[in-house]
Amino acid sequence: MDEKVEQLREDVNLFTRRIRTQRAGHLLTPSQLQALAHLDREGPMSARALARFEQVAPQSIARTVAILEESGMVSRTVDPQDARASIVAITALGLQTLVDDRSRRSEWLTAALAAECTDAERDLLFIAGRLLRRLAATPEPAPQRESLMHS
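Definitions and cut-offs
- For every chain, the first residue of the written sequence is number 1, and numbering continues from 1 onward in sequence order.
- A pLDDT threshold of at least 70 governs which residues receive local features in this predicted model, and a stricter bar of 80 or more applies before side-chain atom pairs are shown or counted, although totals over entire chains, interfaces and linings include all residues.
- The side-chain quantities take in all heavy atoms of the structure and omit both hydrogens and water.
- For two strands to pair, DSSP has to find at least two bridges joining them.
- By definition, any uninterrupted DSSP run of H or I lasting at least four residues is a helix, any uninterrupted run of E lasting at least two residues is a strand, and each is numbered from the N terminus.
- Should any heavy atoms of two residues lie within 4.5 Å, those residues are counted as being in contact.
- Note on geometry: axes are C-alpha line fits, over the in-contact stretch for helices, and angles between N-to-C directions span 0 to 180 degrees.
- Within this scheme, the nonpolar core is defined by two criteria: the residues are buried Ala, Val, Leu, Ile, Met, Phe, Trp, Tyr or Cys, and they are joined through side-chain atoms within 4.5 Å.
- Only protein chains enter the calculation, and the probe is 1.4 Å; a residue is then buried if its accessible area is under 20% of its type maximum, exposed if over 50%, and partly exposed in between.
- Helix span is expected to be 1.5 Å times the residue number reduced by one.
- Here, a salt bridge means any side-chain nitrogen of Lys or Arg that lies within 4 Å of a carboxyl oxygen of Asp or Glu.
- The predictor reports its confidence for every residue as pLDDT, a score running from 0 up to 100.

A. Region of the structure containing the pairing of strand β2 (residues 74-79). Inspection of the sheet shows β2 paired to strand β3 (residues 82-90) by six bridges, in the antiparallel sense. When the sheet's bridge partners are listed, R76 is paired in β3 with V88. Taken together, β2 and the strand that follows it, β3, pair antiparallel across an intervening segment of two residues.

Listed below in structure tokens is the structure:
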């Protein structure tokens with residue numbers, strides 16, 4: 001099973017790298033696009049909440065948000081709950097960039113599926129996609145303390 005799991009991991013990584021190359025003419029990084037996607041799906045949120053969604057340090061998301069704000073992709077307003085914090089929201093330009101990017105990637109995937117897969121294979125991939133989404137939602141196991149691991 002370990003060899004199969006390793007092969008699946010490599011296959012998913014290879015596919016992810018390939019689909020990331022399908023860009024809609026922008027210069028955004030994958031992490032910047034992912035931040036825009038979270039803001040699109042979840043709505044405006046604090047930078048701290050966005051960092052949690054992205055699973056990165058607040059300092060990292062602060063740099064990402066600053067770059068996106070400078071390019072007009074997001075806006076920041078004062079958080080009414082905490083005047084020291086700000087609420088980040090996707091702008092119309094950010095949303096259009098995201099829509100264009102998703103469209104380009106979907107066009108590539110549609111063409112690749114039509115060229116390389118049978119109807120049955122496409123159906124299997126759609127099922128696999130749902131399974132991968134379910135696996136992605138699996139909670140992280142609780143970290144074990146060092147002393148418990150060597151008992």
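B. How the structure looks around the sheet that holds β2. Pairing in this open sheet of three strands is antiparallel, and the strands run β1-β3-β2 from one edge to the other. Two strands in the sheet have a free side with no partner beyond their single neighbour: β1 (45-46) and β2. Here helix α2 (residues 30-42) sits on the sheet in contact with β1, β2 and β3, set at roughly 95° to β3.

C. Representation of the nonpolar core. Core analysis: the biggest nonpolar cluster contains 17 residues, and L28, L36, L39, L50, V65, L68 and V74 have the highest contact counts within it. Those elements giving two or more residues to this core turn out to be α2, α3 (47-54) and α4 (58-70). When residues in this core are grouped by element, the largest group, five residues, is from α2.

D. Spatial organisation of α2. If you check α2, its first and last C-alpha atoms are 18 Å apart, about what 13 residues at 1.5 Å a residue would give, namely 18 Å. Within α2, the full set of buried residues consists of Q32, L33, A35, L36, A37, H38 and L39. Where α2 is buried, its residues meet β1, α3, α4, β2, β3 and α5 (92-116). At the exit of α2 stands G43, carrying a positive phi of roughly 90°.

E. View of the pattern of salt bridges. Tallying each qualifying case throughout the model produces six salt bridges. Across the salt bridge formed by R102 and D40, the nearest N and O atoms sit 2.8 Å from each other. Highlighted residues: R102 in helix α5 and D40 in helix α2, separated in sequence by 62 residues. A residue is classified by how much of its surface remains accessible, and D40, at 30% relative accessible area, is partly exposed. Close ionic contact of R105 with D101 constitutes a salt bridge, the shortest N to O distance being 2.5 Å. Linking R105 with D101, this pair stays in helix α5, spanning four residues, or about one helical turn. For the pair R105 and D101, a shared accessibility class is recorded, and that class is buried.

F. Fine view of the confidence of the model for the protein chain. Summary statistics for the protein chain give a mean pLDDT of 90 and a share of 93% for residues scoring 70 or more. Within the protein chain, the element-level pLDDT minimum falls on helix α7 (residues 146-149), averaging 52, and the maximum on helix α6 (residues 119-136), averaging 96.

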